[in-house]
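# Working through the structure, step by step
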Amino acid sequence: MSENIKSNTSFLNDAGNRALLFQAVLLVVVLAVGYYLFHNLQANLQTQGISTGFAFLNEPAGFPILIHLIEYTEAGTYGRAFLVALINTILISLMGIVLATIIGVIMGLARLSQNWLVARLATVYIETLRNLPLLLQMFFWYFAVLAALPHPRDSIVFGDFFLNKRGIYSPNPIFEDGFGVVIFGFLATIVASIGLVIWAKKRQTRTGLWFPAYWSSLGIIVIGTIAFYFLAGSPITFDLPEASRFNVKGGMVLVPEFVAVLVALSTYTGAFIAEIVRAGILSVSWGQTEAARSLGMRDSITQRLIVLPQALRVIIPPLTSQYLNLAKNSSLGAAIAYPELVAVVMGTTLNQTGQAIETIGLCMLVYGTLSLSISFFMNWYNKKMSLIER
Amino acid sequence: ATLDDVKAKGFIQCGVSTGVPGFSNADNKGTWSGIDVDACRAVSAAIFGDADKVKYTPLSAKERFTALQSGEIDILSRNTTWTYTRDTSLGLDFTTTNFYDGQGFMVRKDLGVESAMDLDGATVCTEQGTTTELNMADFFRKHSMDYVPVVVQKADEALSAYASGRCDVYTTDKSGLAAHRSKLSDPNQHMILPETISKEPLGPVVRHGDNQWKDIATWALFVQINAEEMGITSKNVAKIKKESTDPGIRRLLGAEGNMGESLGLSSDWAYNIIAEVGNYGEVFERNVGPNTPVGLPRGVNNLWTEGGVLYAPPVR
Amino acid sequence: MTDKNMALAQLEQGEKAIIEFNDVNKWYGDFHVLKNIDFSVKKGERIVVCGPSGSGKSTMTRCINRLEEHQKGSILVDGIEMNDNLKNIETIRKDVGMVFQHFNLFPHLTILENLTLAPIWVRKTPKKEAEEMAMHYLERVKIANQALKYPGQLSGGQQQRVAIARGLCMRPRIMLFDEPTSALDPEMIKEVLDVMVQLADEGMTMVCVTHEMGFAKTVADRVVFMDAGEIVEANTPHEFFDNPQHDRTQLFLSQILNH
Amino acid sequence: MTDKNMALAQLEQGEKAIIEFNDVNKWYGDFHVLKNIDFSVKKGERIVVCGPSGSGKSTMTRCINRLEEHQKGSILVDGIEMNDNLKNIETIRKDVGMVFQHFNLFPHLTILENLTLAPIWVRKTPKKEAEEMAMHYLERVKIANQALKYPGQLSGGQQQRVAIARGLCMRPRIMLFDEPTSALDPEMIKEVLDVMVQLADEGMTMVCVTHEMGFAKTVADRVVFMDAGEIVEANTPHEFFDNPQHDRTQLFLSQILNH
Amino acid sequence: MAIEFKPSPSLPPPSNAVGATAWIKNNLFSSPLNIFLTVFSLYIVYLLVPPAIQWAFIDATWSGESKAACTAGGACWAFVASYFDQFMYGLYPSAEYWRINLAAIMLVVLVGMFAIKAVNKMLLSIAIIVVYPVVAYFLFAGGIFGLEIVETSLWGGLFLTTLLGIVGIVASLPLGVVLALGRRSNMPIVKSVCVVFIETVRAVPLITILFMASVMIPLFLPDGLNFNKLLRVLIGITLFSAAYMAEVIRGGLQAIPKGQYEAADAMGLTYWQSMILVILPQALKLVIPGIVNTFIGLFKDTTLVYIVGMFDLLGRIQSATHDANWLGTTAEGYAFAGFIYWVICFGMSRYSMAVERKLDTGHKRN
Ligand SMILES: Nc1ncnc2c1ncn2[C@@H]1O[C@H](COP(=O)(O)OP(=O)(O)OP(=O)(O)O)[C@@H](O)[C@H]1O
Ligand SMILES: Nc1ncnc2c1ncn2[C@@H]1O[C@H](COP(=O)(O)OP(=O)(O)OP(=O)(O)O)[C@@H](O)[C@H]1O
Ligand SMILES: [Mg+2]
Ligand SMILES: [Mg+2]
């Protein structure tokens, strides 16, 4: 029978060989292109006498940075400046995420509201913000709204708060000696409220009655901490802002660059989150609500125990990618003088040192790491939360 | 080599600013003018005998060096300060200085500030990626004064932030201050403080390593300065070339010898520069002189013979 | 008074009604979906509702625990009137269990949690007790061994039995079923019907929308036939199947029995 | 040599085999799905394959045109061995038509385009000619009037007939059917079977996975019964149905015929 | 015998269940919370809408030579009017505007021709994808047939925005298809190359990619080989959106049932034949909404080219607001930019929803 077998298997006709060959070619091409680019880069750097490496990170930077959460002066190094910028990026991203989530949840729920007017307003908000470029919105907040605020001399004063073109000034708390007591008190109330929650669970198992443990804990923590604060003799004083020749001096200030980036990022991303929240809630079938109702559950409990947990599964994955987008979009802050990563590293540092490859590489590395960790979290979460099916 | 590339493509790619009146600024038809623009035009005249064989790339301060390093432009003529670091570690070469400047401060008159020493606690606007950013830091540190730096992406945005009241002070080179002041809606409401806090020699920049190209750019400017010293202008240059018997002048204008050869240019390269662009004095008066909106006095930017610092090596 | 109302009136003599529809009308927008429903169910009675698709069977059933609002007439359940009063609605819902066509189990909770959720949160039963009761009912529907699985891991028939057990866990006085077997494969239908027959035997008041005529014949005290939003005929299974009064009923029966 | 192999050996005498399985084995990961399949089909023979779900019927059929790869043994179709050689695979696929359970028509193309696609692109037939041929086959399956509609506009039975016509358009020497009627409503099954019977009458070599025992009895030359990845029994329909050799076959037949 | 069944007539619902009053009661005042929300919303509307109308229309100034002409206290639309040409065309010489207009009209006509049944779609597609870009390029850039050469550095405004958007999306589509196919390939090297590319690009902000394109590409090229900045930015944008596009298309490929692949295989189609003839047409149709969304995102993101020194619509407006004659007109500029971006983006998103709905019904029978 074997004489029937036509052994005309030329090398190229074999599917396995073809795949191998194709991949080999691709690999060679990718490597060749990579090498070619690298080679050109080296040649170019050499002919132009540009030094490479990260040594510059240890040199003094010499330029100021408007916002720094850690100690930084002009005498600091580029490395320090990089750190400051990274922290600024993280700061704006985290605050943006919190605000955007709040806005998104409110607007998403509002769009689902039975109240026609509320639903319409939310729709207008969402459809407007989603369909405008973020950069435009940042410019708007920074250049248009800012310009409408009063000059420092005509600040809007609100007790110890000032509002003007230069920002929002508020008292700056200074912690004195006894403050440790307050921190201790705070921790103690937290422990107490955890105890309360455990007790409430136990009691339910025993008697069936619910105790509003979460609200009570909140009360205990707030009131308890305040009590400790006064017991310790009010160990906080405030550095009050006051008007001076140029600016309002002292106190704590939120500069307009920060405010504009934060507002733009969170309202913009909030509009997207609103749609995600809405879709998530709509994805829980009406049957679930009806089933809960016919068991006699109140709508508030139904939302909390039935709808929300199910909606969250649908919401979390796209929500994380919105968070990631927000973090990446914070780089637009560079356009309106907010000293984040791109502005400080790819802007000033690159310009003062000329280390294009290193600085851009550094930035990409940071964002890459950020994305990678978020997608790791996502995969973990999806695995954990996916509905168990057969 | 850059010269061959330029000759081959038929024009010079010149990096300029995004708009500083008097230095490099485009009108609403897209025609560029200014001292820095004329530096490029002079090179063009030297090479092509035509000052208009130039294409302009507007660059922000941040982009400029990379644009030059990467070869996107052939010459950077964008009020760039000549500093040690820039000259030695960026892979660049400064040609020579076409404008001697120094950093200063502009404030609103109604602030009542008379001196930079009164600026403690002020908010200062400046453009990102300039020496200004560093000088400002040094100045305030030296005098232990407090300040709030607002570092904006682009020069006109920094100006606009200053105009809208985000800052009390706008700082950049004094020439730039004058130029920018002319762009404000009410120039008279603003004043430039007397202090000059730095030396700012501004000049065209080329890539490191191409000496011939650097020489052309350098000598294009020296020719203009020498011409002013010799009293040659764009108006009389044709006549002088024909009539002059001064061997120095004859050599310069190509009536005698072949001075262009060593640069790879034709012998009338210097003549073309003067005829097309004019001598340094003409360029100055035309762009930033007292009769322009920028209105700068000649000051140090005068010939050494007139009490200034312009001292060009002789052409011989 | 029409014939059908007379028949009803006869049946209703004697015991007190636990569900009463008085001239109930309901509209969806302009669409008149329930027309003059006048009907009552006595304690312990087992009613089967049938009729062509879109005739309003589900709507009527869902009015009983006010998953739908009616616009005219009154509905009394256990003597309490259905109106906007949230207290009344809550009280009634505690007393009325409902089983849906698509089970509507909570997919994010285990079977046991599905069963104990309402007792714990609505009836304030201690957790321990609620779990014991849940296991009891799970045993009754013969899936106690699945208590810790999630709904997604069970077959359709098993899910529906869990849904019934979940309804029972609130110890309701009335159970409503809306086509409980129509989403199931044939083999699974039987296991669910068995549970329902058992329930009926124990004397639970039941209102059941179904097309399982075998079930109707075995357990129903009365069969109600609806069409176009009206109750066309309501009668004992014997009378209903062997001697339908209306031509519409005859037509329907001929279709459904030939199938 | 076992019984079944003997029976096969007998049947295989005479004409040359067009499909040959020699000791074929296949695994999905660790799962041994085809075990020592030794089997051949002669030109013009009509084989019906049956067996319980998961027994490997589809897998075996799909090995014939290498929609699945086998890992051990050899398969020869028309004398050409199935291996990684792309040329061989191409040649064989041109000669083997296949009809799937879920039709798998291309929803974005009209019926006519569905039929002409392969002739035009694989056989390089001129478009005109391909269309004429397509119309010819559409007439044979009695839906020529639907040629310009899209698959989504046809009923299941019509779609399956189109799928058969599509297979025929390549003028294959062998047709494979994988449960061609099991996704259809009862009324539609007949129209598809009619077409298949007609094909069989014309002498097409066919391998057909189906549980339509009526069809098997009418047209099959041999019925192959598979279980757990093995061929348990292969025999003429007469012998197969009236005198099954294995108890496993008997059990299967009793289930399937009672259903 | 049998009683004839006559359905009772349907009655109109009681007045308290339908009509304007019922609607208002149900939608605005159904509960105390709702009453509060309604009042609150009305207050917000009152706060925002009348002043906005006052500013934008009633008190607006529509013509004038400088900000000084705007004395009415409202919007200074004179600013937009005087800069309108620049906002649309950038610094493109005004005598040559017709070239852009002509190209735009040609595109609209060509695309519109898809609606006409009699036209050969194949030829038309070739005309749009192959011929049109060449024609448009020479129209824009000039240099042949006596057309004056217009430097790309003069291109700007809405013209540049649209150009970046359209070229970006059209060029990224095929690249996205290849990447998506590559990512689904079972050849490990092909797959990893695609995955690495897609994930890297998606991990970083567009601004870094634009920066790379505008300053770094030349460093990677041999001395003397260099190309136009616009082209480099276009490459950056295309690579960026190709990565996103690949993920969208991958979704479409995954949604095609396995049977389709098998049927194509069984018919003897080669890999590329089955992709091009069978799989991709279905997959792409499925993901049209996703593609449009990517396009909307890209269109909004083109504003970032301003940061690397190109003057798109937003960039032109931004720099015009620094004009001494018009200081203090930022709000008007942004309002105008916002209007244009919004109309385009919102229009496209509605369009994609319409397509989605149409495809939804088009595929089903019964
Ligand atoms: N929320 C609603 N809005 C508008 N019309 C509805 C709504 N719910 C149901 N209907 C309509 O009311 C009518 C009765 O619906 P219902 O669900 O009560 O019928 P049914 O007898 O249960 O039918 P089936 O046997 O199909 O379940 C149908 O015509 C249906 O289309
Ligand atoms: N791609 C696959 N990967 C892993 N296992 C598979 C795969 N395809 C099929 N199987 C398994 O191989 C076995 C045989 O499958 P096959 O489809 O051939 O059975 P069948 O006899 O056609 O059954 P049915 O009558 O249900 O179509 C089954 O147990 C199936 O689960
Ligand atoms: Mg129903
Ligand atoms: Mg099968």
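Residues numbered from 1 in each chain as written. Chains lettered and ligands numbered in written order. Predicted model: local features only at pLDDT ≥ 70, side-chain atom pairs only at ≥ 80, totals over all residues. Heavy atoms only, no water.

As named in an unreviewed UniProt entry, chain A is Amino acid ABC transporter permease, taken from Marinomonas piezotolerans. Looking at the Sequence similarities (unreviewed entry) heading of the UniProt record, one finds this comment for chain A: "Belongs to the binding-protein-dependent transport system permease family. HisMQ subfamily." (UniProt positions renumbered as here; feature names shortened; annotations may be inferred.)

### Describing the site of ligand 2
Residues and elements named next belong to chain D. Contacts to ligand 2 come from Tyr 28, Phe 31, Val 33, Pro 52, Ser 53, Gly 54, Ser 55, Gly 56, Lys 57, Ser 58, Thr 59 and Glu 179. Contact distances for ligand 2 include 2.8 Å between an oxygen atom and a backbone N or O atom of Gly 54. A distance of 3.0 Å separates an oxygen atom of ligand 2 from a polar atom in the side chain of Glu 179. Protein chains bury 59% of the 640 Å² of accessible surface belonging to ligand 2 in isolation. With three residues, helix H2 (residues 57–64) is the single largest residue contributor to the shell around ligand 2. Of the residues belonging to the shell around ligand 2, the class tally is four nonpolar, six polar and two charged. (Near = heavy atom within 4 Å. Polar contact = N/O pair within 3.5 Å; in protein donor to acceptor, adjacent residues only side chain to side chain. Areas by Shrake-Rupley, 256 points an atom, 1.4 Å probe, with all protein chains shown as cover. Helix = DSSP H or I, 4+ residues; strand = E, 2+ residues; numbered from the N terminus. Nonpolar A, V, L, I, M, F, W, Y, C, P; charged D, E, K, R; others polar.)

### Some details on unusual backbone geometry
Residues and elements named next belong to chain D. Residues other than glycine seldom take positive phi values, yet Asp 23 does so here, at roughly 55 degrees. One can find Asp 23 in strand S1 (residues 17–28). A positive phi angle, near 45 degrees, is found at Glu 179, a position not held by glycine. Tracing the sequence through the fold places Glu 179 in the loop between strand S7 (174–178) and helix H7 (186–201).

### Remarks on the site of ligand 1
All names here are of chain C. In the vicinity of ligand 1, the contacting residues are Tyr 28, Phe 31, Val 33, Pro 52, Ser 53, Gly 54, Ser 55, Gly 56, Lys 57, Ser 58, Thr 59 and Glu 179. Between Ser 55 and ligand 1, the recorded distance is 3.1 Å, taken from a backbone N or O atom to an oxygen atom. One of the side-chain nitrogen or oxygen atoms of Ser 58 is found 2.5 Å away from an oxygen atom of ligand 1. Bound to the protein, ligand 1 loses 58% of the 630 Å² it would expose on its own. Of all the secondary structure elements, the ones that give two or more residues to the shell around ligand 1 are strand S2 (31–42) and helix H2 (57–64).

### Describing the pairing of strand S9 (residues 122–127) of chain B
Residue and element names in this part refer to chain B. Extensive coverage of S9 is indicated by the burial of six of its six residues. Side chains Ala 122, Val 124 and Thr 126 project from S9 onto one buried face, and the interleaved Thr 123, Cys 125 and Glu 127 project onto a second face that is buried too. The sheet contact formed by S9 and strand S10 (residues 147–152) spans six bridges and is parallel. What sits directly across from Cys 125, in S10, is Val 150. Running through helix H5 (residues 131–142), the crossover from S9 to the neighbouring parallel element S10 is right-handed. Pairing geometry for S9 and strand S11 (residues 169–173), over two bridges, is parallel. Counted as the bridge partner of Cys 125 is Tyr 170 from S11. (Buried < 20%, exposed > 50% of the residue type's maximum accessible area, 1.4 Å probe, protein only. Pairing = 2+ DSSP bridges. Right-handed = clockwise from strand over helix to strand, strands pointing away.)

### Topic: the interface of chain B and chain A
Counting residues at the interface gives 44 residues for chain B and 40 residues for chain A. Here chain B meets chain A over a buried area of about 3300 Å², counting both sides, of which 50% is carbon and sulfur. Between chain B and chain A we count two salt bridges in total. The partner of Arg 166 of chain B in a salt bridge is Glu 257 of chain A, with the nearest N and O atoms 2.8 Å apart. Here chain B and chain A share eight residue pairs in polar contact (both at pLDDT 80 or more) between them. Among the secondary structure elements, those contributing two or more residues to the side of chain B that touches chain A are helix H3 (64–69), S9, H5, S10 and helix H6 (155–163) of chain B. With six residues, S10 of chain B is the single largest residue contributor to the side of chain B that touches chain A. Residues belonging to the side of chain B that touches chain A are distributed by class as follows: 17 nonpolar, 15 polar and 12 charged. (Contact = heavy atoms within 4.5 Å. Buried area = accessible area lost by both parts, 1.4 Å probe. Salt bridge = Lys/Arg side-chain N within 4 Å of Asp/Glu carboxyl O.)

### Considerations on the interface of chain E and chain A
Contacts between the two partners involve 52 residues from chain E, matched on the other side by 46 residues from chain A. Contact between chain E and chain A buries roughly 4300 Å² in total, counting both sides, with carbon and sulfur atoms accounting for 74%. It is Leu 219, Phe 220 and Lys 300 of chain E in chain E that bury the most area against chain A; as a group they hold 15% of the surface buried on that side. Where chain E touches chain A, the interface holds one salt bridge. The partner of Glu 127 of chain A in a salt bridge is Arg 350 of chain E, and the shortest N-O contact between them spans 3.3 Å. Along the contact surface separating chain E from chain A lie 11 residue pairs in polar contact (both at pLDDT 80 or more). The set of elements that each furnish at least two residues to the side of chain E that touches chain A consists of helix H1 (19–28), helix H2 (32–58), helix H7 (188–203), helix H8 (206–220), helix H12 (288–301), helix H13 (313–320) and helix H14 (330–362) of chain E. When its residues are assigned to classes, the side of chain E that touches chain A shows 37 nonpolar, 11 polar and four charged.

### Observations concerning the nonpolar core
Among the nonpolar cores identified, the biggest contains 217 residues, and Phe 21 of chain D together with Phe 87 and Trp 155 of chain E are the most heavily contacted of them. Per element, the largest residue contribution to this core is 12 residues, and it comes from helix H9 (residues 229–255) of chain E. Excluding its chain neighbours within four sequence positions, the residues that come into contact with Phe 21 of chain D are Ile 37, Asp 38, Phe 39, Met 60, Cys 63, Ile 64, Ser 74 and Ile 75 of chain D. Judged by nonpolar contacts, the second largest core, of 58 residues, contains Phe 23, Ile 35, Ala 217 and Leu 303 of chain B. (Core = buried A, V, L, I, M, F, W, Y, C linked by side-chain atoms within 4.5 Å.)

### Digging into H6 of chain B
Note on helix geometry: an α-helix contains 3.6 residues per turn, so any two residues three or four positions apart are oriented the same way. With eight of nine residues buried, H6 of chain B lies mostly within the body of the structure. Immediately downstream of H6 of chain B, the backbone of Gly 165 of chain B shows phi near 100 degrees, a positive value.

### Examining the sheet that holds strand S8 (residues 205–209) of chain D
Residues and elements named next belong to chain D. In space, the six strands of this open sheet follow the order S6-S7-S8-S3-S9-S10, with mixed pairing throughout. Strands with a single pairing partner mark the edges of an open sheet, and in this sheet they are strand S6 (96–99) and strand S10 (230–235). Across the sheet, the mean angle from the axis of one strand to that of its neighbour is 15 degrees, orientation sign disregarded. Alignment of strand S9 (residues 222–227) against S10, held across five bridges, turns out to be antiparallel. (Axes fitted to C-alpha atoms, helices over the stretch in contact; angles between N-to-C directions.)

### Some remarks on the sheet that holds strand S4 (residues 72–77) of chain D
All names here are of chain D. Ordered by their spatial adjacency, four strands build an open sheet running S2-S1-S4-S5, and the pairing between neighbours is antiparallel. In this open sheet, the two edge strands, each paired with only one partner strand, are strand S2 (31–42) and strand S5 (80–81). Of the pairings in the sheet, the one linking S1 to S4 comprises five bridges and is antiparallel in character. Bridged to Phe 21 within S4 is Ile 75.

### Regarding a nonpolar patch on the surface
A grouping of Tyr 43, Tyr 46, Leu 47, Leu 48, Val 49, Ile 53, Phe 57, Ile 58 and Trp 62 of chain E is seen on the molecular surface, where their side chains present a nonpolar patch of about 1000 Å² in accessible area. Considering the arrangement of structural elements, one finds Trp 62 of chain E in the loop between H2 and helix H3 (77–89). (Patch = residues over 30% accessible without salt bridge, like charges linked within 9 Å, V, L, I, M, F, W, Y side chains within 5 Å.)

### Quick look at the arrangement of the chains
Among seven pairs of chains with at least one contact, chains A and E form the most extensive contact set. One thing to see here is that chain B and chain D don't touch, and their nearest C-alpha atoms sit 49 Å from each other. At the level of C-alpha atoms, the two units chain C and chain D stay apart, their nearest approach being 13 Å.

### So, the side chain of Glu 282 of chain B
All names here are of chain B. Here Glu 282 is to be found in helix H12 (residues 280–287). As a buried residue without a salt bridge, Glu 282 has its nearest oppositely charged side chain in Lys 235, at a separation of 4.2 Å. Glu 282 has contacts with Thr 233, Ser 234 and Lys 235, leaving out every residue within four places of it along the chain. (Lys, Arg positive; Asp, Glu negative; His and termini not counted.)

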